[in-house]
Every structure is written in C-alpha cells, then in structure tokens.
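As a plain string of letters, each chain reads:
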Amino acid sequence: MVGSAIWRALKAKGYSNLIGKTSAELDLRSQQQVSDFFQTEKPHIVIDAAARVGGILANSEYPYQFLMENMQIQNNLIDFSLKADVEKFIFLGSSCIYPKLAPQPLKEEYLLTGALEPTNEWYAIAKITGVKACESIRKQFGKDFISLMPTNLYGPFDNFDLQTSHVLPAMLRKFHEAKVKDDSIVELSRSEPVELSYDEPVEPTCSEPVELWGSGSPMREFLNVDDLADAVVFALENPLKESLYNVGSGVDLSIKELAELIQKIVGHTGEILWNKSKPDGTPRKLMDVSKFAGEGWKSKITLEDGIRSTYQWFLENSDTLKEVKI
Ligand SMILES: NC(=O)c1ccc[n+]([C@@H]2O[C@H](COP(=O)([O-])OP(=O)(O)OC[C@H]3O[C@@H](n4cnc5c(N)ncnc54)[C@H](OP(=O)(O)O)[C@@H]3O)[C@@H](O)[C@H]2O)c1
C-alpha cells in the first residue's frame, strides 16, 4: 500500500528513473541480493517502504520473523545505502515504537522512555533499531538519513481481508457487504417489473446489521496513504533538521464516529451492533505532529474525502483484492 502510493506521488511530480521491486524480484532479507542490486542499479535515493507487517495474531504466532526479517530488510538497505553513499535515505516506521503508556499525543521524544505494547514488541523493536541506525548515521557521518513514523494508514491497495485487516478497511468491507446483501435481496424480490409512482414516497430499505468489535469508544487517528506519500516526497525534497518525525493528520475520532462516517459513505442503512465482549485496545492513540508541521508539512486529505476515494477504489478493485494470510 505505502510503496505504491509513494510511486504514484513521485510519478505525479514528474520523477522518472524510479526502480521498484517486488519481494519475488529482490528479497531484501538477502544481503547478497541487496549487494548485487546496489552494484547494478546504483540508486541515488532510497525509500524503505518494505516490511513484514501484520496484526496482533501474526505478531504472537511469528515473533522471530517479525523481529528478524524486519531487521534484515532494513539493515541491508541502510548499510548498503551508507556504503553506496546515497544522497537521501527515508525509513518508514510506525507509531508502535512508542511506549504503551506514553502520554498522548505521542511526541518523538517519548521514544525509549517506557515499556512497549507487548503484543507487537517484536515488530516495534525492529523498527526502533531502524530509527536508531538512521540517527547514528546522521550523527556519525552527517548523512541525510531520516525516519518517518506514520499513524494508522488507509487507502488504495490496503488489506481488506477480514481475517487480518486493520479497523478502517475492515469496517468498509463489512458495511459494503451488509449493504450489497440487502440490495441483492431487493433485486430478487423485484424480479417482476415494478411500476414506481413518484407521487408515493418509497420506503428506504434497511440493510443487514453490522457487528463491530468493542465498545466504539477508543480514539484513533487515520491518515490517507496518498497524504503520507506527499509527506515522503516533502521529506525527500526538503532538508530536515532532525532524524525522526511523526506523520499524521493530528486529529482523532472515536471508533463509533468512524463507523458512522463509513456507514454514511457506503450507504448502509441497518443497525450497528457493538460486541462489547471483544477488546477495545488502548483508549487513545494520537501522534503529536507539530515537529513535522514546523518543517512545513501538513495533512491535506480530510478523512471523509479519503474514505470516499478509498471506497471507490474498493468497488473498482473488489475482484482483485489481496488475501493476507497470518
Ligand atoms: N499500513 C499502515 O497502517 C502503516 C502504518 C504505519 C506505518 N506503516 C509502515 O509502512 C510500511 C509499509 O507498510 P504497508 O502498509 O504498505 O504494507 P504492505 O502493503 O504489506 O507492503 C509491504 C511491502 O513490503 C514488501 N516486502 C516484505 N518483505 C519483503 C522482502 N523480504 N523483500 C522485499 N520486499 C518485501 C512487500 O513486497 P511484496 O508485496 O512484493 O511481497 C510489500 O510491498 C511498513 O514499514 C509499515 O511499518 C504502515
């Protein structure tokens, strides 16, 4: 999702000579393959949007892969970028690097001030080593290596697989499927042509109910992936004073408010059932984005516009959505 958004943003700004590889073409865990790649392609700029990603279940089943593969991917890219003297290196991390009980909103200075959320500490520790590697290169060699920590992202090419997806794409899919089920029932019951009189108000049909996890009270922040890509291009084009920056919209909303917004956009008219036996997670997670704002970047895509365009993308690509296994 992130890599393709950055690619679109670079293309839109007229950048050419871009090199992008799938993991099948270049396995970044392999030092040899990364070494060969740098020798052949000689990149001037490297943006690391590759990672083994996943939710709580995947992290708890495969802690070693989450720790080791992420370190291998970033270590190879960071070290060969240093040796090849690349002009700029951008490392993408995540808000999970901050301590579980850090004050909100999360400031960059809270890094390593407390214990991590245990469910994803493997992934978080790998990301922290990436942040520190970039910081140490900046400190020791004065090179332009920076780390951007995005908040929760959503957008085209997101994971809509209900077994493994994040909250926003999962809600989009659930509301859509409940609505479509209802539409198809209406279609079936209208197999005979119906004469509609415009004088009589048509009763709105009620969609299937949608069940969502938790109470709906936790507060979360979301950023459209095209906004993140814009931030990456900004970081690429501007010299930044420090090595670590949060990237977010700077505003949060409750999961209940998010559900109602998605329901409106999708056109679902049924009930929302909150399954309070499921965990809520941390009550609030919001990034403090003032440091990056001080450099001159701020989010431009509103949550409503971003969800509308993502829903449009989902409708146009529902036949080819990726399945993401644990
Ligand atoms: N999604 C979010 O909400 C979010 C939030 C904060 C930060 N981020 C960060 O953004 C970055 C990208 O996440 P994403 O959401 O775009 O995930 P994604 O859609 O799953 O993309 C991950 C990418 O990593 C590549 N990759 C994985 N293992 C690889 C390997 N061994 N060699 C080469 N490439 C490999 C994958 O390539 P193939 O598809 O070819 O296998 C894929 O393109 C991650 O660092 C993540 O921490 C994401």
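Rules used in this analysis
- Residues numbered from 1 in each chain as written.
- Predicted model: local features only at pLDDT ≥ 70, side-chain atom pairs only at ≥ 80, totals over all residues.
- Heavy atoms only, no water.
- Helix = DSSP H or I, 4+ residues; strand = E, 2+ residues; numbered from the N terminus.
- Rg over C-alpha atoms; globule rule 2.2 N^0.38 Å.
- Buried < 20%, exposed > 50% of the residue type's maximum accessible area, 1.4 Å probe, protein only.
- Contact = heavy atoms within 4.5 Å.
- Salt bridge = Lys/Arg side-chain N within 4 Å of Asp/Glu carboxyl O.
- Near = heavy atom within 4 Å.
- Polar contact = N/O pair within 3.5 Å; in protein donor to acceptor, adjacent residues only side chain to side chain.
- Areas by Shrake-Rupley, 256 points an atom, 1.4 Å probe, with all protein chains shown as cover.
- Nonpolar A, V, L, I, M, F, W, Y, C, P; charged D, E, K, R; others polar.
- Pairing = 2+ DSSP bridges.
- Axes fitted to C-alpha atoms, helices over the stretch in contact; angles between N-to-C directions.
- Phe/Tyr/Trp six-rings, centres within 6.5 Å; stacked < 30°, edge-to-face > 60°.
- Core = buried A, V, L, I, M, F, W, Y, C linked by side-chain atoms within 4.5 Å.
- pLDDT = per-residue confidence, 0-100.
- Right-handed = clockwise from strand over helix to strand, strands pointing away.
- Arc of directions from axis to C-beta.

Asks: How should I be thinking about the overall build of the protein chain in this particular structure?
Replies: Check the secondary structure of the protein chain and you find 10 helices and 10 strands. What you see for the protein chain is a C-alpha radius of gyration of 22 Å, in line with the 20 Å of a compact globule of 326 residues. When burial is assessed residue by residue, the protein chain has 44% of its 326 residues classed as buried. Taking the contacts inside the protein chain whose residues are at least 6 apart along the sequence as the reference set, 81% of them involve residues at least 24 apart.

Asks: I'm lost on the pattern of salt bridges in this one. Help?
Replies: Where charged atoms of side chains with opposite charge meet at close range, the side chains can pair. As enumerated under the stated definition, the model contains 21 salt bridges in all. When the shortest N-O distance is used, the salt bridge between D230 and K300 registers 2.6 Å. Placement of the pair is D230 in helix α7 (residues 225-237) and K300 in the loop between α9 (290-295) and α10 (303-317), with a sequence separation of 70 residues.

Asks: Can you walk me through the site of the ligand in this structure?
Replies: In the vicinity of the ligand, 24 residues are found, and the nearest of them are M1, V2, S23, Y123 and K127. Within the backbone of L92, a nitrogen or oxygen atom sits 3.4 Å from an oxygen atom of the ligand. Burial of the ligand by the protein chains amounts to 77% of its free accessible area of 890 Å². The set of elements that each furnish at least two residues to the shell around the ligand consists of α5 (121-141) and β4 (152-154). Residues that form the shell around the ligand fall into these classes: 13 nonpolar, 7 polar and 4 charged.

Asks: Looking at this model, I keep getting lost on the sheet that holds strand β7 (residues 244-247). Mind explaining?
Replies: Whenever strands of a sheet pair, they do so through backbone hydrogen bonds, lying parallel or antiparallel. Strand order across the open sheet formed by 4 strands is β1-β2-β3-β7, with parallel pairing between neighbours. Strands at the two margins of the open sheet, each flanked by one partner only, are β1 (45-48) and β7. Strand-to-strand, the axes of this sheet are offset by a mean angle of 20 degrees, without reference to chain direction. Sheet topology note: the strand β3 (residues 145-150)/β7 ladder contains 4 bridges and is parallel. Bridge pairing links S147 to L244 in β7.

Asks: Please explain the packing of aromatic side chains as it appears in this structure.
Replies: Where two aromatic rings form a pair, the distance of their centres and the angle of their planes describe that pair. This model, assessed by the stated rule, comprises 11 aromatic pairs. Seen from their ring centres, F66 and Y123 are 6.2 Å apart, and the 70 degrees between their planes marks the pair as edge-to-face. Linking F66 in helix α4 (residues 63-83) with Y123 in helix α5, this pair joins segments that are 57 residues apart in sequence. For the pair F66 and Y123, one class covers both residues: buried.

Asks: Quick question: what am I supposed to make of the nonpolar core here?
Replies: Burial of nonpolar side chains together is a common tendency in soluble globular proteins. Counting residues in each nonpolar core, the largest one holds 35 residues, and the members touching the most others are F38, F89, Y98 and M149. Elements represented by at least two residues in this core include exactly α2 (31-41), α4, β2 (88-92), α5 and β3. Looking at this core, the element that brings in the most residues is α5, giving 7 residues. Formed by 25 residues, the second largest nonpolar core is a distinct cluster that contains L228, A229, F234 and V247.

Asks: How do you make sense of the confidence of the model for the protein chain when you look at a structure like this?
Replies: Mean pLDDT for the protein chain: 92, with 92% of residues reaching 70 or above. Per-residue pLDDT stays below 50 along residues 186-203; that stretch engages in 2 contacts with residues further than four places along the chain or on separate chains.

Asks: Explain the pairing of β2 to me, please; I cannot follow it from the model alone.
Replies: In regular strands, side chains alternate between the two faces of the sheet. The buried fraction of β2 amounts to 5 of the 5 residues, a majority that puts the element mostly inside the structure. Residues of β2 alternate between two faces, with K88, I90 and L92 on one and F89 and F91 on the opposite face, all of them buried. The pairing of β1 with β2 spans 4 bridges and is classified as parallel. Considered in β2, the bridge of V46 is made with F89. In terms of strand pairing, β2 meets β3 through 4 bridges, oriented parallel. Bridging across to β3, L92 finds its partner in L148. Traced from β2 through α5 to β3, the parallel crossover comes out right-handed.

Asks: I would appreciate a short explanation of helix α1 (residues 2-12) in the present structure.
Replies: One turn of an α-helix holds 3.6 residues; hence residues three or four places apart share an orientation. Among the residues of α1, V2, A5, I6, A9 and L10 are the ones counted as buried. Buried residues in α1, looked at end-on, bunch into an arc of 135 degrees, giving them a common side. At its buried positions, α1 is contacted by β1, β2, β4 and α7. Two residues or fewer past α1, G14 is found with a positive phi of approximately 90 degrees.

Asks: For this particular structure, what's the right way to read the side chain of D252?
Replies: When you line up the elements, D252 lands in strand β8 (residues 252-254). Engagement of the side chain of D252 in a polar contact is seen with the side chain of R284, the distance being 2.7 Å. Sequence-distant contacts of D252, defined by excluding residues within four places in its chain, comprise M219, R220, E221, R284 and L286.

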